[in-house]
Amino acid sequence: MGKEASNKNVFASKVGAILAAAGSAVGLGNVWRFPTETGTNGGAAFILIYILFMLLLAMPIMVAEFAIGRHGGRDVTHAFEKMSGGRRGWRWMGLMPVVSGFLVLSYYAVVAGWTLYYTYEALIDGFSGKTPETFTNDFVTFSSDSLMPVFWMALVIVLTCGIVALGVQRGIERGAKIMMPLLFLFILVLVGCSLSLPDAGKGLTFLFKPDFSKVTSSVILNAMGQAFFSLSVGLGCLCTYACYFRKDIDLMKDGFSVAAIDTLVALLSGLIIFPAVYSIQGLQPDAGPSLVFITLPNVFQQVFGNLPWLAYLFSLIFYLLLVMAALTSSISMLEMSAAYFHTNLRIPRPLAAVLVSVVCMLLGTFCSWSFGDWKDVTLFGMGLFDLFDFLVAKLIMPVGGFLMCIFLGWVVDEKVLRAELTNHGTIKSPLYPVYRFIIRYFAPLCIFLIFANELGLFNLWK
Ligand code: PFF
């Protein structure tokens, strides 16, 4: 084993690094948020815009995060300072992942907790014999309870904390290497089952036949938010992981693999969910966040009504898939903040992970209560859960992405960027000039226009 690979703060293998980054990217954002957003934003046209944003904005920004993180090596604050040529003022950018880590994990763990509870329910065959009304009532009762969802949310954070505490190689990398292949296997099994359902074709039409009359400015902002959220970019999360990248990783090529895996999983999730929804008359794809917690378990029971064991298996595999997807992402969220306390403040890794976890559990409890006891507690017209989601996906991610572009395109010495993307001239990167153009001009301008339009600063389109 080389010196680099034996260093515990480095991913031991290239595959491990790619899977860890893909693990962060592939999560509830793909299996829960993507179908929800697709359903409520009109289907195929939204998907097309999303894919465009993925290619032209999210992926280049991901590569930017990779370059900054790997160049710095030690931790994110140091990485920004080093990449800027030693200007200490840029260290503050490195604090972004620390703060965002708390915000994003706190509300993400609530939904992850729901999925863990639904896995448990599936395991004990708790869905069988339920009517559509019971599914709705049970979900509302569960999610608005003041204790149960908090318990499951806390359990998710404890599991996440355990893995992060084990370290980069033994925890994060090993976790990704086990969970990601399983996740793929589960997805393929479910896609096969879903496509064989009656009326699956209607679901495919919804997914793949665009209707551009449905495109509004908020559909565009939502598509951008979804692309950023799905690829985990803009918060500095992948920057944190890239600090652990080996020098032989091809940032552009391997970055493309991560983005491709992420997009594929989102589309495959659509292929699981929409044919299933359309297989039962009267169900709508725009059911919103409850799609996978009310509509789907109901579908599984109704469709496989006369083959109960298949309904059991289908539900169990589906929720296990959700839990694993959620865990590989929540690990990266916790790591963002914990890494800072561990490397900068020299707190032992397990203790740093526990400290961040405790704060997230507290914030997560408040987010969970915004579905019940705290329903009327609002800030800017939003409950706490919605506020955190808004802050992360629609504000910090685009603004963070914009700042990364400005930093990499205008502050960093071009030679440093080129060296990082070509591994010091050892690999060919024919797309480098295109990449630099995107990061310097196209991406920041695009983010600015979409953002300003949505804020009403001017009206390019409605
Ligand atoms: N990309 C993850 C998902 O699709 O579920 C969510 C996520 C992970 C967002 C890490 C932000 C982040 F820093």
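Residues numbered from 1 in each chain as written. Predicted model: local features only at pLDDT ≥ 70, side-chain atom pairs only at ≥ 80, totals over all residues. Heavy atoms only, no water.

A.B. asks: Just give me the short version of the nonpolar core, but keep the residues and values in it.
C.D. replies: Among the nonpolar cores identified, the biggest contains 169 residues, and F53, F228 and F318 are the most heavily contacted of them. With 20 residues, helix 15 (residues 308–343) is the single largest residue contributor to this core. (Core = buried A, V, L, I, M, F, W, Y, C linked by side-chain atoms within 4.5 Å. Buried < 20%, exposed > 50% of the residue type's maximum accessible area, 1.4 Å probe, protein only. Helix = DSSP H or I, 4+ residues; strand = E, 2+ residues; numbered from the N terminus.)

A.B. asks: Quick one: what's the story with the site of the ligand, residue by residue and with numbers?
C.D. replies: Taken together, 17 residues sit near the ligand, with A25, G29, Y108, F229 and S232 positioned nearest. In the model, an oxygen atom of the ligand is placed 2.7 Å from a nitrogen or oxygen of the G29 main chain. Between the ligand and Y108 there is a distance of 2.6 Å, counted from an oxygen atom to a side-chain nitrogen or oxygen. Listing elements by their share of the shell around the ligand, those giving two or more residues are helix 2 (14–25), helix 3 (28–40), helix 11 (217–231) and helix 15. For the shell around the ligand, the per-class residue count stands at nine nonpolar, eight polar and no charged. (Near = heavy atom within 4 Å. Polar contact = N/O pair within 3.5 Å; in protein donor to acceptor, adjacent residues only side chain to side chain. Nonpolar A, V, L, I, M, F, W, Y, C, P; charged D, E, K, R; others polar.)

A.B. asks: Account for helix 4 (residues 44–72), with residues named and values stated.
C.D. replies: Given 3.6 residues to a turn, an α-helix orients residues that are three or four positions apart in the same direction. Given a rise of 1.5 Å per residue, 29 residues ought to cover 42 Å, and the 40 Å separating the end C-alpha atoms of helix 4 matches this to within 8%. The element helix 4 is largely enclosed, with a buried count of 24 among its 29 residues. Positive phi appears at G73, one or two residues downstream of helix 4, with a value of about 80°. (Expected span 1.5 Å × (residues − 1).)

A.B. asks: Explain the packing of aromatic side chains residue by residue, including any values.
C.D. replies: Considering all chains together, one arrives at 39 aromatic pairs under this definition. Ring geometry for F300 against F318: centres 5.7 Å apart, planes inclined by 70°, an arrangement best described as edge-to-face. With F300 in helix 14 (residues 295–303) and F318 in helix 15, this residue pair connects regions lying 18 residues apart in the sequence. Judged by its relative accessible area of 1%, F300 is buried. When its relative accessible area of 0% is taken as the criterion, F318 is described as buried. Both rings, one in F437 and one in Y441, keep their centres 5.5 Å apart while their planes meet at 40°; by these two values the pair is tilted. Here Y441 and F437 lie together in helix 19 (residues 432–455), a separation of four residues that amounts to about one turn. One Lys or Arg, R33, reaches over the ring of F229 and ends 4.8 Å from the middle of that ring. Over the face of the ring belonging to W410 we find R440, whose NZ or CZ atom lies 3.8 Å from the ring centre. (Phe/Tyr/Trp six-rings, centres within 6.5 Å; stacked < 30°, edge-to-face > 60°. Lys NZ or Arg CZ within 6 Å of the ring centre and 35° of its normal.)

A.B. asks: For the environment of F151, give the residues involved together with the corresponding values.
C.D. replies: Residue position: F151 is located in helix 8 (residues 148–166). On the accessibility criterion, F151 (48% relative accessible area) is partly exposed.

A.B. asks: Could you give me a rundown of a nonpolar patch on the surface, with the residues and numbers involved?
C.D. replies: A grouping of L52, L55, L56, F256, W410, F437, Y441 and F442 is seen on the molecular surface, where their side chains present a nonpolar patch of about 780 Å² in accessible area. If you list the elements that add at least two residues to the nonpolar patch, you get helix 4 and helix 19. Looking at the secondary structure, you find L55 in helix 4. Look at L55 and you get partly exposed, because its relative accessible area is 43%. (Patch = residues over 30% accessible without salt bridge, like charges linked within 9 Å, V, L, I, M, F, W, Y side chains within 5 Å. Areas by Shrake-Rupley, 256 points an atom, 1.4 Å probe, with all protein chains shown as cover. Salt bridge = Lys/Arg side-chain N within 4 Å of Asp/Glu carboxyl O.)

A.B. asks: An account of unusual backbone geometry is needed here, citing residue identities and associated values.
C.D. replies: Backbone phi values are negative for most residues with the exception of glycine, while trans is the configuration of most peptide bonds. Phi is positive for N423, close to 50°, though the residue is something other than glycine. Examined against the element boundaries, N423 turns out to sit in the loop between helix 18 (414–421) and helix 19. We note that H424 has phi near 60°; this positive angle belongs to a residue other than glycine. Its place among the elements puts H424 in the loop between helix 18 and helix 19.

A.B. asks: I'd like to hear about the confidence of the model for the protein chain, residue by residue, with values.
C.D. replies: Here the protein chain averages 90 in pLDDT, while 96% of its residues score no lower than 70. Averaged pLDDT values for the elements of the protein chain fall to 44 in helix 1 (residues 3–6) and rise to 98 in helix 8. In the model, residues 1–6 has pLDDT below 50 throughout and makes six contacts with residues more than four positions away in sequence or in other chains. (pLDDT = per-residue confidence, 0-100. Contact = heavy atoms within 4.5 Å.)

A.B. asks: Quick rundown of the state of the cysteines? Include the residues and the values.
C.D. replies: A complete count under the given rule lists zero disulfides for this structure. Residue C161 stays outside any disulfide, its sulfur separated by 10.0 Å from that of C360, the closest cysteine. You can call C161 buried: its relative accessible area is 11%. For C367, which is in no disulfide, the shortest distance to another cysteine sulfur is to C360 and amounts to 9.8 Å. Judged by its relative accessible area of 0%, C367 falls in the buried class. (Disulfide = S-S within 2.5 Å.)

A.B. asks: Outline the pattern of salt bridges, listing residues and values.
C.D. replies: Side chains bearing opposite charge may pair, as long as their charged atoms lie close to each other. Inspection of every chain in the model, using the stated rule, returns 14 salt bridges. Ionic pairing is found between R70 and E420, a salt bridge with its closest N-O pair at 2.7 Å. Highlighted residues: R70 in helix 4 and E420 in helix 18, separated in sequence by 350 residues. Exposure remark for E420: the relative accessible area of 5% places this residue in the buried category. The salt bridge partner of D248 is R246, with a shortest N-O separation of 2.7 Å. Taking relative accessible area as the criterion, D248 reaches 37% and is therefore assigned partly exposed. A relative accessible area of 18% means that R246 is categorised as buried.

A.B. asks: Outline the side chain of S279, supporting the account with residue identities and numerical values.
C.D. replies: With respect to the secondary-structure elements, S279 resides in the loop between helix 13 (251–278) and helix 14. A polar contact of 2.6 Å, which involves the side chain of S279, links it to the backbone oxygen of A276. Ignoring anything within four residues of it in the chain, the contact list for S279 reads L197, P198, D199, V299 and V303.

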